[in-house]
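Fold and geometry: a report
Given next are the chains, with one letter for each unit.
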Amino acid sequence: MRLRGKDDQTLWLGYGMNVHPGGDAQSTMEAIRTTVVPLKARLGVTGPFGLAVRWSAAGVRQLLEDAAVFDALVGLMRDYDLRVFTGNAFVHGDFHGRGIKDEVYRPDWAEDARGDYTVQFAEVLGRLGKAGVACDGAISLSTSPLSFKAWDHGPEHIGQGLEQLIQVAVGLWGVERAYKQRVHLALEPEPGCTLETTPELLAAFEDLRARAAAALEEGRLGQVDALAYLGACYDVCHQAVEWEDAEASLLAIRDAGIPIGKLQASCALELPDPHDDDGRAALARFDEPVYLHQVGARDDGGALHVADDLSDVLDDPAWRDRGPWRSHFHVPVFRDALVGGLRTTRPELERALRVTAREGLTNHIEVETYTWDVLPDAEKEAGSGFDLVDALEQELRWTLGVLAEEGVVPA
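Summarised in this report is the structure supplied together with it. As the structure is a prediction and not an experimental result, all values here were calculated from the model.

Let's talk about the sheet that holds strand β4 (residues 82-88)
Ordered by their spatial adjacency, ten strands build an open sheet running β3-β4-β5-β6-β7-β8-β14-β2-β1-β15, and the pairing between neighbours is mixed. The open sheet is flanked by β3 (49-54) and β15 (409-410), the only strands paired with a single partner. Two elements, β3 and β4, share six bridges in a ladder whose sense is parallel. Residue Ala 52 lies in a different strand from β4, and its bridge partner there is Thr 86. Its contacts with the sheet put helix α8 (residues 246-255) on β7 (230-235) and β8 (260-265), and the angle it makes with β7 is roughly 175 degrees.

Side note on the layout of surface pockets
Reported here for the largest pocket is a volume of approximately 260 Å³. As for the largest pocket, its lining consists of 17 residues, and the residues nearest its centre are Ala 138, Ile 260, Gly 261, Asn 363 and His 364. Residues of the lining of the largest pocket, tallied by class, amount to five nonpolar, ten polar and two charged. Considered as a void within the structure, the second largest pocket measures approximately 200 Å³ in volume. Lining the second largest pocket, in full, are Met 1, Arg 2, Leu 43, Gly 44, Val 45, Thr 46, Gly 47, Pro 48, Arg 397, Leu 400, Pro 410 and Ala 411. The residue makeup of the lining of the second largest pocket, split by class, is seven nonpolar, three polar and two charged.

Comments concerning helix α1 (residues 25-42)
An ideal rise of 1.5 Å per residue puts 26 Å on 18 residues; α1 measures up with 24 Å between its terminal C-alpha atoms. Maximal helix bending in α1 amounts to about 45 degrees, located at Ile 32. Residues of α1 that are buried: Ala 25, Ser 27, Thr 28, Met 29, Ala 31, Ile 32, Thr 35, Val 36, Leu 39 and Lys 40. Contacts made by the buried residues of α1 are with β2 (10-15), β3, α2 (57-65), α3 (67-79), β4 and α12 (388-405).

Notes on the environment of Ala 89
Checked against the element boundaries, Ala 89 lands in the loop between β4 and α4 (112-130). Take Ala 89: its relative accessible area is 0%, and that puts it in the buried class.

Concerning the packing of aromatic side chains
On inspection of all chains with the given rule, the structure shows 13 aromatic pairs. An angle of 70 degrees between the planes, with centres 6.4 Å apart, marks the rings of Tyr 105 and Trp 151 as edge-to-face. Residue Tyr 105 is located in the loop between β4 and α4, and its partner Trp 151 is located in the loop between β5 (139-143) and α5 (155-179); the two are separated by 46 residues in the primary sequence. Exposure class is identical for Tyr 105 and Trp 151. Each is buried. Taking the centre distance of 6.5 Å and the plane angle of 20 degrees together, the rings of Phe 334 and Trp 372 count as stacked. Highlighted residues: Phe 334 in the loop between β12 (325-331) and β13 (343-344) and Trp 372 in the loop between β14 (364-367) and α11 (377-384), separated in sequence by 38 residues. The aromatic ring of Trp 151 is capped on one face by Arg 106, whose charged end is 3.9 Å from the ring centroid. Sitting above the plane of the Trp 243 ring, Arg 326 keeps its charged end 3.6 Å from the centroid.

A few points about the nonpolar core
Grouped together as the largest cluster of nonpolar side chains are 136 residues, with contacts concentrated most on Trp 55, Leu 125 and Leu 128. Per-element accounting of this core gives the leading share, nine residues, to α5.

Side note on the sheet that holds strand β11 (residues 304-307)
Judged by pairing direction, the sheet is antiparallel, and its five strands sit side by side in the order β11-β10-β12-β9-β13 without closing on themselves. What marks the edges here is a single partner per strand, and that holds for β11 and β13. Looking at chain direction, strand β9 (residues 267-271) and β13 are connected through two bridges and run antiparallel. Pairing of Glu 270 across the sheet is with Arg 343, part of β13.

Observations concerning empty space enclosed by the protein
Applying the stated criterion to the full structure yields three cavities of 30 Å³ or more. Of the voids in this model, the largest cavity is the one considered here, and its volume is about 170 Å³. Residue lining of the largest cavity: 17 residues in total, with Phe 95, Val 104, Glu 190, His 328 and Tyr 370 positioned closest to the centre. The calculated volume of the second largest cavity comes to roughly 60 Å³. Considering the residues around the second largest cavity, the lining is formed by Met 17, His 20, Pro 21, Gly 22, Ser 27, Thr 28, Ala 31, Val 53, Arg 54 and Trp 55. Looking at side-chain class alone, the lining of the second largest cavity contains five nonpolar, four polar and one charged residues.

Thresholds, definitions, all that
Residues numbered from 1 in each chain as written. Predicted model: local features only at pLDDT ≥ 70, side-chain atom pairs only at ≥ 80, totals over all residues. Heavy atoms only, no water. Pairing = 2+ DSSP bridges. Helix = DSSP H or I, 4+ residues; strand = E, 2+ residues; numbered from the N terminus. Contact = heavy atoms within 4.5 Å. Axes fitted to C-alpha atoms, helices over the stretch in contact; angles between N-to-C directions. 1 Å grid on protein atoms, 1.4 Å probe; cavity = no way out; pocket = protein on both sides within 12 Å on 5 of 7 lines; lining within 4 Å. Points joined across faces, edges and corners; volume = space filled by probe spheres on them. Nonpolar A, V, L, I, M, F, W, Y, C, P; charged D, E, K, R; others polar. Expected span 1.5 Å × (residues − 1). Bend = angle between axes of the 7 residues up to and from the residue. Buried < 20%, exposed > 50% of the residue type's maximum accessible area, 1.4 Å probe, protein only. Phe/Tyr/Trp six-rings, centres within 6.5 Å; stacked < 30°, edge-to-face > 60°. Lys NZ or Arg CZ within 6 Å of the ring centre and 35° of its normal. Core = buried A, V, L, I, M, F, W, Y, C linked by side-chain atoms within 4.5 Å.

Dropping the structure here:
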């Protein structure tokens with residue numbers, strides 16, 4: 001939905017449509033009919049309602065190649081006054097129904113397929129903008145954080161990824177020229193990845209600036225300002241697993257001159273006491289085979305340890321002296337206490353939302369709880385709920401309540 005913030009800044013708020021299975025136009029249109037339209041009605045929104053879309057590489061190609069399908073999507077969006085304001089180009093292929101785990105990062109940014117997918121996704125967004133069903137201003141497009149550290153590719157491979165990002169920025173410039181719609185690519189740090197901490201993100205942008213300047217001087221970019229098309233996506237859950245202070249990190253990104261394309265409003269799962277057998281048993285119910293659930297904890301000396309998945313720590317005695325544990329499991333943002341004495345990192349999300357509103361850090365906020373299908377039944381029964389529309393309504397109402405306290409209101 002469209003909101004008005006500090007100094008009449010326009011903000012867009014929506015839920016991440018990566019919660020829905022499928023990555024093609026048909027699944028998007030089905031989600032609009034069964035979830036988006038009822039949700040908009042429940043929230044009492046009479047004006048434009050924002051969409052945070054997600055398509056796979058195959059879904060993007062379908063929208064580019066099948067004019068009838070594209071026109072059907074545009075028609076449905078017009079019927080219900082829906083506007084795409086952000087996209088999720090993190091996952092190249094399937095995202096539901098199988099053990100995706102670290103395959104979610106393939107292809108990485110050193111592979112041509114990642115760049116091709118990103119520019120094609122941006123072209124779809126550009127066409128939607130030209131059709132009049134996009135937000136005012138730039139559309140943000142989140143993407144993966146270069147690669148996965150456990151693959152240990154080395155600096156040359158990562159350098160290839162950074163070079164491809166610069167070339168993709170030229171492709172985004174081409175999209176803007178063709179469709180009069182800017183698409184802003186936002187790198188999304190994630191635990192265990194090449195970019196997982198805010199300092200790593202800042203260092204990568206220093207490298208990008210140097211590489212873009214060299215490419216410009218060598219004539220490889222024409223007159224394109226590549227950095228004008230690149231920025232950051234700040235996922236609050238991810239950085240909470242890294243035990244970062246959300247407010248300090250967001251301000252550091254802003255102060256480094258890196259545009260924040262969007263804030264992903266999300267909460268991590270927290271086990272306060274790893275020595276608690278009942279607490280570990282409750283946490284074990286969240287260990288499931290589809291997604292990676294990285295874990296972050298500090299030892300007595302203050303050093304941060306990050307494991308690639310919950311299964312790596314649940315039965316490891318050494319990890320019990322590190323704590324509390326935070327896990328990359330996107331839990332409902334309206335929940336602060338979970339079953340079995342577990343908690344969420346909702347205080348960090350509140351801090352992130354408040355500083356975003358006060359400082360006008362971004363125009364796009366995406367509530368990104370995509371794990372409803374894999375939440376334990378005990379947690380659904382305890383308050384998270386079984387009905388997706390009900391749950392999304394609670395998430396958006398909670399988020400709107402925090403933003404309203406900082407003066408952000410419906411436009």
